[in-house]
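Inside the fold
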Amino acid sequence: QVQLVESGGGLVQAGGSLRLSCAASGRTVMSYAMGWFRQAPGKEREFVAAISWSRSTIYADSVKGRFTISRDNAKNTVYLQMNGLKPEDTAVYYCAARLNRASSTPIEYNYWGQGTQVTVSS
């Protein structure tokens with residue numbers, strides 16, 4: 001089993017920054033990929049960023065150039081550095097893990113955390 005716990009969310013002013021963390025626990029293989037998704041009330045869960053075991057990355061067009069995903073395999077932790085935050089970034093952010101290549105499709109992920117709220121004021 002894999003457990004994921006997100007942290008680092010909060011309230012920031014537009015243009016500010018936040019660094020989210022996702023800590024994984026349990027017996028896991030080193031070849032897993034990790035992703036970040038977000039969901040606002042009344043909207044579908046959407047892809048934000050993902051990173052493979054080899055640190056190849058993919059980003060949603062809406063965050064490219066502002067967000068950076070990274071991972072520390074030794075610590076079983078993935079990070080999302082968010083700069084230049086906009087009000088439209090407001091959502092609950094979830095991390096997820098899958099035993100395959102990085103993906104932008106939520107249904108392809110095997111494990112999910114509980115989420116951390118990010119609120120960006122205008």
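What you are looking at is a predicted structure, and each value in this text was computed from that prediction instead of being measured. Residue indices begin from 1 for each chain and proceed along its sequence in written order. In keeping with the model being predicted, local features are shown solely for residues with a pLDDT of at least 70 and side-chain atom pairs are shown and tallied solely at 80 or more, while totals for entire chains, interfaces and linings include all residues. Computation of side-chain values: all heavy atoms of the structure, hydrogens and water removed.

Details of the pattern of salt bridges
The line we're drawing: The salt bridge criterion pairs a side-chain nitrogen of Lys or Arg with a carboxyl oxygen of Asp or Glu, the two atoms within 4 Å. Exposure categories follow from relative accessible area, calculated using a 1.4 Å probe and restricted to protein chains: below 20% of the type maximum is buried, above 50% is exposed, and the middle band is partly exposed. Helix and strand definitions here come from DSSP, where helices need a minimum of 4 consecutive H or I residues and strands a minimum of 2 consecutive E residues; each element is numbered from the N-terminal end.
The tally for this structure, following the rule as stated, stands at 5 salt bridges. Across the salt bridge formed by lysine 64 and aspartate 61, the nearest N and O atoms sit 3.7 Å from each other. In this pair, the class of lysine 64 matches that of aspartate 61, namely exposed. For aspartate 89, the salt bridge is made with arginine 66, and the minimal N-O distance between the two is 2.8 Å. With aspartate 89 in the loop between strand E8 (77-82) and strand E9 (91-98) and arginine 66 in the loop between strand E6 (57-59) and strand E7 (67-72), this pair connects stretches of sequence that are 23 residues apart. Classification of aspartate 89 as buried rests on a relative accessible area of 1%. Look at the salt bridges and you will find they share partners, linking Arg38, Glu46, Arg66 and Asp89 into a network.

Overview of the side chain of asparagine 73
We apply this condition: Pairs of N or O atoms are called polar contacts if they sit within 3.5 Å, as long as, within protein, a hydrogen donor faces a hydrogen acceptor (for residues adjacent in sequence, only side-chain-to-side-chain pairs).
Mapped onto the elements, asparagine 73 comes out in the loop between E7 and E8. We classify asparagine 73 as buried; its relative accessible area is 18%. Reaching out from asparagine 73, the side chain makes a polar contact with the side chain of arginine 71 at a distance of 2.6 Å.

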